[in-house]
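# Survey of secondary and tertiary structure
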Amino acid sequence: MKEIVVISGKGGTGKTSITASFALLGGKNVVVADCDVDAADMHLLLQPDFKQAEDFYSGLLAHIDTDNCTNCAVCADVCRFDAIPVIDGQHTINEISCEGCSYCARVCPEKAIRMEERNVGQWFVSTTKIGSTLVHARLGIGAENSGKLVAKVKNEAKVIAEKNKAELVLVDGSPGVGCPVVSSLSGASYVVLVTEPTVSGLHDLKRVYELVHKFNISAGCIINKADLNPQMTDEIMDFMAGENIDHLANLPYDETFTKAVTQGKTIVEFDENGLRRILEDSWEKVKKESDKQRRGI
Amino acid sequence: MKIAVASGKGGTGKTTLATNLAAFLSERRRVVLIDLDVEEPNSGLFIKGQILKKEDKYKMIPEWSGECSLCGICQDVCEFHAVLRLGTQIMVFPELCHSCYACSELCPESALPMVPKKMGSIKQIQTDGFAFVESRLDIGEEQAVPLIAQTHKYIEANLKDEEIRIYDSPPGTSCPVIEATKTADFVILVTEPTPFGLHDLSLAVETMRELKKDFGVVINRFDLGNDDVPDYCEKEGIPVLARIPNDRHIAELYSQGKLIYKHVPQVETQLQAIEQFLEEKLNGGRS
């Protein structure tokens, strides 16, 4: 089984639209994992049934038992996250600031602090509108540990893929270069980078590729809105050539992207301006290149 | 006044608005723009100026002194599996460490002193009109929050007196956004009128309500997509501060790293509307 991860560094480059198109082209052979748990949007295009939902617990949260608390302030003194303010004369846990390190609970002389598991969101296993499986999640507000929820979504997708003998797990990765992306990338057979020819597109592509490079995973790149700034597109192509990144496709600046999203559809469901054909070609290339990786060529 | 520019979804025009608004407001006021999107700091690409200061920023992690009774308390108290007793050694995994100090301070032999480890850097740049501070996380560092917290401290220490602070926040609704918007008096949520935009906006709105923040919305690429976003804002009683048109020319200027409002008069008009809104907020007192 192969694992293809689509990431972009920068938001708004068309990553989710392109991933959803690949999901449609891959059909039932592909298990999709929406690992952009912070802003999970894949369900808007694949229209899953939210068949199975489960709470996700990760990390800990401190609770002060006010009956036993003497307000001695030892907890607040050791807390490095300013998470134990005094409100109306009572030491109180600020749930958003608490990191769940348990230091306060360990040093409380009255044993008045207990640590509880923290519910950080929900994850779902769904059947999409084309009958394939989508594993997705929703992170709670201000929750920590989104990297762990990403890992959960990915692992569930892999388990299902093994069970159903699906060939591929297709991952919609998170933006940025922090812990959720690191989680998205671990174990990938091939990475698809989606970028756009803007100064920020190139800047973010370079940063996120540095991370991909650290993981030693081969990658291909799709330049979306390539005709917006041909000079910048050339610069991106030069960067790709220098780093040995496969060039998968250039997509035009095209409002079909928005039109499709507005109707809850993927781009390949529209046969306009040859976008479908370009995406079909890229999907074939992605499958071929990731196969090479698996066979160690 | 501290204004955070945020968005649930990435790529909606958060950085475009933050940089243009900073430049526009600085024509009449003292402004500092702070890029807190430390994972992908982009504001600096649109701003030219002279670097006044650069500081490396560190997080504190434990370092084993190399000698102890190997009692294992450090490993037991670490909730993040960042400290491990392995044979006759204590190993520390810096990327997992949350700098809570528990292992270091609860070690009966003081064998794990806390030492600094570089996680990123802060740059202060002076442009023609305003001060700009960029905060950048090193690749491989996973936690944005400690660096954002240190950037807030840097501003307090170095640029406390600027009349207006504009934060370019990270996207999303998780911990980095909360750290970035924590001290803001007002939050501008940038969105676009598509189902993605609406879905991620509603998450961002929930977050802002949870944090009890005063906030409003700017709709970018306004004439694209459908009316669901403006309808949602009306229903929820959320003020729409500005509507920025969808225009290939704007996208082209952005792709070249140029400020938009100096070339597109409609954008300047929208920035004026935002300024007026913020002014009324200021005069009406902060709620």
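Residues numbered from 1 in each chain as written. Chains lettered and ligands numbered in written order. Predicted model: local features only at pLDDT ≥ 70, side-chain atom pairs only at ≥ 80, totals over all residues. Heavy atoms only, no water.

An unreviewed UniProt entry lists chain B under the name ATPase, from Caldithrix abyssi.

In the nomenclature of an unreviewed UniProt entry, chain A is known as (4Fe-4S)-binding protein of Caldithrix abyssi.

Residues and elements named next belong to chain A. Along the chain, A83 turns up in the loop between α3 (74-78) and β4 (86-87). Distance in space between the C-alpha atoms of A83 and E95 is 7.3 Å, their sequence separation being 12 residues. Look past the residues within four positions of A83 in its chain and what remains in contact with it is T92, I93, N94, S97 and C98. (Helix = DSSP H or I, 4+ residues; strand = E, 2+ residues; numbered from the N terminus. Contact = heavy atoms within 4.5 Å.)

Moving on, we come to the domain arrangement of chain A. Split by domain assignment, chain A resolves into domain 1 (2-47 + 128-294) and domain 2 (59-119). Taking only C-alpha atoms, the centre of domain 1 of chain A and the centre of domain 2 of chain A are 41 Å apart. (Domains from an automatic or database assignment.)

This next bit is on the nonpolar core. Counting residues in each nonpolar core, the largest one holds 85 residues, and the members touching the most others are L193 of chain A together with I166, I188 and I274 of chain B. Beyond its immediate sequence surroundings of up to four residues, I274 of chain B is in contact with L17, L21, I188, V218, L241 and A242 of chain B. Judged by nonpolar contacts, the second largest core, of 38 residues, contains F81 and C108 of chain A together with C78 and A102 of chain B. (Core = buried A, V, L, I, M, F, W, Y, C linked by side-chain atoms within 4.5 Å. Buried < 20%, exposed > 50% of the residue type's maximum accessible area, 1.4 Å probe, protein only.)

Moving on, we come to unusual backbone geometry. For K165 of chain A, which is not glycine, the phi dihedral falls at a positive 55°. Within the element layout of this structure, K165 of chain A appears in the loop between α5 (146-164) and β8 (168-172). With a phi angle near 55°, S99 of chain B is a residue other than glycine that sits in the positive phi range. With respect to the helices and strands, S99 of chain B occurs in the loop between β5 (89-92) and α3 (102-106). Take S99 of chain B: its relative accessible area is 14%, and that puts it in the buried class.

Here the focus is the sheet that holds strand β1 (residues 2-6) of chain B. Paired through backbone hydrogen bonds, the strands of a sheet run either parallel or antiparallel to each other. All names here are of chain B. Spatially, nine strands are ordered β3-β6-β7-β2-β8-β1-β9-β10-β11 in an open sheet, and the strand pairing comes out mixed. Because the sheet does not close on itself, it has two edges, and the strands there are β3 (50-62) and β11 (240-243). Between one strand and the next, the sheet's axes are offset by a mean angle of 20°, whatever the strand orientation. Here 12 bridges tie β3 to strand β6 (residues 114-126), and the two strands are oriented antiparallel to one another. Each residue of the ladder has a partner; that of E55, found in β6, is I122. Packed onto the sheet, helix α6 (residues 195-210) meets β9 (186-191) and β10 (215-219) and runs at close to 165° relative to β9. Of the strands in this sheet, β1, β9, β10 and β11 are in contact with helix α9 (residues 265-283), which crosses β11 at around 165°. (Pairing = 2+ DSSP bridges. Axes fitted to C-alpha atoms, helices over the stretch in contact; angles between N-to-C directions.)

Moving on, we come to the interface of chain B and chain A. Interfaces are frequently sized by the accessible area removed from exposure as the parts join. The partner chain A presents 58 residues to the 55 residues of chain B that form the contact. In this assembly, chain B packs against chain A so that about 4,800 Å² is buried in total across both faces, 57% of it on carbon and sulfur atoms. Counting the surface chain B buries against chain A, the share from its top three residues, E40, I139 and F196 of chain B, is 16%. Where chain B meets chain A, there are five salt bridges. With a closest N to O distance of 3.5 Å, E40 of chain B and R207 of chain A form a salt bridge. Those elements that provide at least two residues to the side of chain B that touches chain A are α2 (73-77), α3, β7 (131-137), α5 (175-181), α6 and α8 (248-255) of chain B. It is α6 of chain B that provides the largest number of residues to the side of chain B that touches chain A, a total of eight residues. (Buried area = accessible area lost by both parts, 1.4 Å probe. Salt bridge = Lys/Arg side-chain N within 4 Å of Asp/Glu carboxyl O.)

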